[in-house]
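Tertiary structure, described
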Amino acid sequence: MYEGVVQDLIDELGRLPGVGPKSAQRIAFHVLQADPADVRRLAAALTEVKEKVRFCAVCGNVAQEEHCRICADPRRDAAVICVVEEPKDVVAIERTREFRGRYHVLGGAISPIEGVGPEDLRIRELLARLADGAVTELILATDPNLEGEATATYLARMVKAMGLKVTRLASGLPVGGDLEYADEVTLGRAFEGRRLLDV
Amino acid sequence: MTHNRGVSLYRDDGIVLRTQKLGEADRIITLLTRTHGRVRAVARGVRRTKSKFGARLEPFGHVDIQFFSRGSELVGRSLPLCTQVETLAPFGGILVHDYDRWTAGTAMLETAERFADHEGEPAVQQYLLLVGALRTLAAGEHRAHGVLDAFLLRSLAVNGYAPSFDACARCGLPGPNRFFSVQGGGAVCGDCKPAGCAVPSPETMRLLGALLTGDWSTADAAEPRHCREGSGLVAAYLQWHLERGIRSLKYLEK
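The structure presented is a predicted model; accordingly, all values stated were derived computationally and were not measured.

Quick word on the confidence of the model for chain B
Residues and elements named next belong to chain B.
- Looking at chain B as a whole, the pLDDT averages 89, with 94% of positions reaching at least 70.
- Looking at the elements of chain B, mean pLDDT is at its lowest for strand E1 (residues 3–4), recorded as 54, and at its highest for helix H3 (residues 124–139), recorded as 96.
- Across the predicted assembly, pTM comes out at 0.85 and ipTM at 0.82.

Describing the pattern of salt bridges
- Summed over the entire model, instances satisfying the criterion amount to 19 salt bridges over all chains.
- A salt bridge links Lys52 of chain A to Glu48 of chain A, with the nearest nitrogen and oxygen atoms 2.8 Å apart. Taken together, the residues span about one helical turn, with Lys52 of chain A and Glu48 of chain A both in helix H3 (residues 36–52) at a distance of four residues.
- On the accessibility criterion, Glu48 of chain A (37% relative accessible area) is partly exposed.
- Residues Arg18 of chain B and Glu113 of chain B are paired through a salt bridge, measuring 3.0 Å at the closest nitrogen-oxygen approach. Residue Arg18 of chain B is located in strand E2 (residues 9–22), and its partner Glu113 of chain B is located in helix H2 (residues 99–115); the two are separated by 95 residues in the primary sequence.
- By sharing partners, the salt bridges in this structure join Glu114 of chain A together with Arg18, Arg38 and Glu113 of chain B into a single network.

Side note on the UniProt feature "zinc finger region: C4-type" (unreviewed entry) in chain A
- Residues annotated by UniProt as "zinc finger region: C4-type" (unreviewed entry) correspond here to residues 56–71 of chain A.
- Regarding residues 56–71 of chain A, the helix share stands at 19% and the strand share at 12%, and the terminal C-alpha atoms are separated by 8 Å.

Overview of the packing of helix H7 (residues 146–159) of chain A against H2 of chain B
- Where H7 of chain A contacts H2 of chain B, the axes come no closer than 10 Å and their chain directions differ by 140 degrees. It follows that H7 of chain A is oblique to H2 of chain B by the angle criterion. Relative to H2 of chain B, H7 of chain A is oriented so that their crossing is left-handed. Contact with H7 of chain A, carried on its side by Leu146, Glu147, Ala150, Thr153, Tyr154 and Arg157 of chain A, involves Tyr99, Asp100 and Trp102 of chain B of H2 of chain B and no other residues of that element.
- Grouping the amino acids of the contact of H7 of chain A with H2 of chain B by side-chain chemistry returns five nonpolar, one polar and three charged.

Focus on the UniProt feature "domain: Toprim" (unreviewed entry) in chain A
- Mapped onto the present numbering, the UniProt feature "domain: Toprim" (unreviewed entry) falls at residues 79–174 of chain A.
- Span residues 79–174 of chain A is 33% helix and 20% strand, its end C-alpha atoms 29 Å apart.

Observations concerning the domain arrangement of chain A
- If you check the domain split of chain A, you get domain 1 (4–52) and domain 2 (62–196).
- Between domain 1 of chain A and domain 2 of chain A, the C-alpha centre-to-centre distance is 35 Å.

Focus: the domain arrangement of chain B
Residues and elements named next belong to chain B.
- When the domains of chain B are assigned, the result is domain 1 (2–90) and domain 2 (95–251).
- Each side of the interface is counted separately: domain 1 has 19 residues, and domain 2 has 21 residues.
- A buried area of about 1,700 Å², summed over both sides, lies between domain 1 and domain 2, and 62% of it is on carbon and sulfur atoms.
- When residues of domain 1 are sorted by the area they lose upon contact with domain 2, Leu32, Arg38 and Phe60 head the list and together hold 42% of the total.
- Where domain 1 packs against domain 2, one counts three salt bridges.

Criteria and cut-off values
Residues numbered from 1 in each chain as written. Chains lettered and ligands numbered in written order. Predicted model: local features only at pLDDT ≥ 70, side-chain atom pairs only at ≥ 80, totals over all residues. Heavy atoms only, no water. pLDDT = per-residue confidence, 0-100. Helix = DSSP H or I, 4+ residues; strand = E, 2+ residues; numbered from the N terminus. Salt bridge = Lys/Arg side-chain N within 4 Å of Asp/Glu carboxyl O. Buried < 20%, exposed > 50% of the residue type's maximum accessible area, 1.4 Å probe, protein only. UniProt positions renumbered as here; feature names shortened; annotations may be inferred. Axes fitted to C-alpha atoms, helices over the stretch in contact; angles between N-to-C directions. Parallel < 35°, antiparallel > 145°, perpendicular 65-115°, else oblique. Left-handed = near helix turned anticlockwise from the far one by under 90°. Contact = heavy atoms within 4.5 Å. Nonpolar A, V, L, I, M, F, W, Y, C, P; charged D, E, K, R; others polar. Domains from an automatic or database assignment. Buried area = accessible area lost by both parts, 1.4 Å probe.

Below is the structure:
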């Protein structure tokens, strides 16, 4: 145990995800030895992020204003919505530079065993966005695990009657890998989702 | 299945019941295994897209798995590591395309986990029951709720809580008996009935008896209202005997 404030700092750091007691101690001593200006900048960034950042009123992504940068951008295609589980997924898809539509962040995936049902996600908000008929395609980009697939199945069934084009991100072989190392589930999915080579 | 005592490697087959995120890219996998009962193990790096067996360790997966344990027992002070996994039957991939079947299957996994409460204690009958139920559910020959209710009733039976749907559970008076008491062990006669017990329709009692014994021709012919009434009684009976709720039952499609 350390003296008062040092122990308080270690305890607070230890509450962060992925930071154990040893790591917390190491970060605390780094902070003690760091330049005061650097520490002030870190403290200001932590305070600012809680004060300024909120969730976009339309898509649920992290935003600094009422609407996030993507929803506020008139150049983005409002007719296509990509549904993701977390704001982190928006960043991952944006990195591809392939998608020019808008997003909808659900806030997780359906997991009955963990007590997360459809009503705990932002599905009602998604249906409200689709109600005006301006959206023509819904891309379901939930995680490629069982809960993500089940959430996609549920959403596809919910919007079936709306006559939208509903698509699911392809699953299959990672780029740059060897076929022989792929597991049978992934390889099976790659076969299911094979595409026509039109040369 | 084989138990290599000297090198702390254990091989078994099991059903993946649940997965939990651990650290950056790992998962804690809970399995119901044939020989070691419920086992929790760490699967390193399975959340990465490059993982060689991440896809095999999804819930509902029936797998042949090898564990490495640092102690002399598989279930000890620290969690064993999953070192190799082969798929025996990928039930999850089939169930996930049908939301009703997936939610029913999830309730089965949660119930199996609750019944196999003690880690490392063999629960062979529960394991075989779960494999059979998932196989039936994936085949899609019977309605999902029927398969789930049959699984729940038989799980109760193999764990010593078999309800009666015919003779009085208290005095043994031959049936059919009209009343159903969750606390009393199922069907009860007019003399034994406690206050506040249910009075289900005779068809519902017949349906539940058929589900417990595996009489699918009777179970499949049942009307939806009797199925709904039966599911309610099964859920109440199960949760009373488990002394806690099954969360997944709340999310079943009615």
